[in-house]
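So you can see what is in the structure, the chains are spelled out below.
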Amino acid sequence: MRTILWIFTLAGCALFGPDLPAGWEDAEPIEDLSQSPCDGSPYDTGWSEAMTAWEAAPGIRAAGDPLHFRCEQEVEGFYRQEGEALDVLIQPVDMHPEVVAGCDCLYRVEVGLPHAPPATVTLYRRWDGINDPNDPVRVGSAAVP
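Per-chain numbering applies: the sequence of each chain, read as written, is numbered from 1 onward. Per-residue local features are limited, in this predicted model, to residues with pLDDT of at least 70; the limit for side-chain atom pairs, both in listing and counting, is 80 or more; totals at the level of whole chains, interfaces and linings are taken over all residues. In computing side-chain properties, one takes all heavy atoms of the structure into account and sets aside hydrogens as well as water.

Explain unusual backbone geometry to me, please; I cannot follow it from the model alone.
With glycine set apart, most residues show a phi of negative sign, and most peptide bonds adopt trans. Across the junction of Asp-65 and Pro-66, the peptide omega takes the value 0 degrees, indicating a cis bond. Tracing the sequence through the fold places Pro-66 in strand 4 (residues 59–70). The omega angle of the peptide bond from Pro-117 to Pro-118 is 5 degrees, so this bond is cis rather than trans. One non-glycine residue, Glu-72, lies in the positive phi region at around 55 degrees. Secondary structure elements follow DSSP: runs of H or I of four or more residues count as helices, runs of E of two or more count as strands, with numbering from the N terminus.

In this structure, what is going on with the pairing of strand 3 (residues 51–56)? I would like to understand it.
One face of the sheet, then the other: side chains in a regular strand alternate in exactly this way. Any two strands with at least two DSSP-identified bridges between them are counted as paired. For strand 3 and strand 4, the ladder comprises six bridges, and the chain directions are antiparallel. Bridging from a neighbouring strand, Ala-53 pairs with Ala-62 of strand 4. Counting the residues between successive antiparallel strands, the hairpin from strand 3 to strand 4 contains two residues.

For this particular structure, what's the right way to read the state of the cysteines?
Among covalent bonds in proteins, the disulfide is the one between the sulfur atoms of two cysteines. Throughout, a disulfide means two cysteine sulfur atoms within 2.5 Å of one another. Throughout the structure, instances matching the rule amount to two disulfides. Between the sulfur atoms of Cys-71 and its disulfide mate Cys-103 the distance is 2.1 Å. Separated by 32 residues along the polypeptide, Cys-71 in the loop between strand 4 and strand 5 (75–82) and Cys-103 in the loop between strand 6 (85–92) and strand 7 (104–113) bring together distant segments of the chain. Exposure classes here rest on a 1.4 Å probe applied to the protein chains alone. A residue is buried below 20% of its type maximum, exposed above 50%, and partly exposed in between. Residue classification places Cys-71 among the buried residues on the basis of a relative accessible area of 14%. With relative accessibility at 35%, the residue Cys-103 sits in the partly exposed group. Described in terms of the sequence order of its bonded cysteines, the disulfide pattern of the chain is 1-4, 2-3.

Here you go:
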């Protein structure tokens, strides 16, 4: 019985794809993503979400540091491209968790993008579906000459 349920779960994931917001339906998953361990509390003062981007042959790397997510929450990334504009979305892998952590953390999330410069990279962050509203929040933008 568990095997059958597991097969249906995998088929459902392949059939429906990731839970993406409006406008991101055709975004590509980011294979090259790293997330640091928790490094601070969003309840401390003196910080704000930020991003950087730079050339890293054969493509571009971008980092959000710090990004605000729940404690121990694994994230994933997606990108969409229009000309020289690259939009990157970082969001939790589980967009509808049954149980959530009672704390939040700050993380560094770095991604590799398969696009050669020049480009302008804009980073967005989205929380899980328990938060309302849950539209992507623009973290920042950077030109990579």
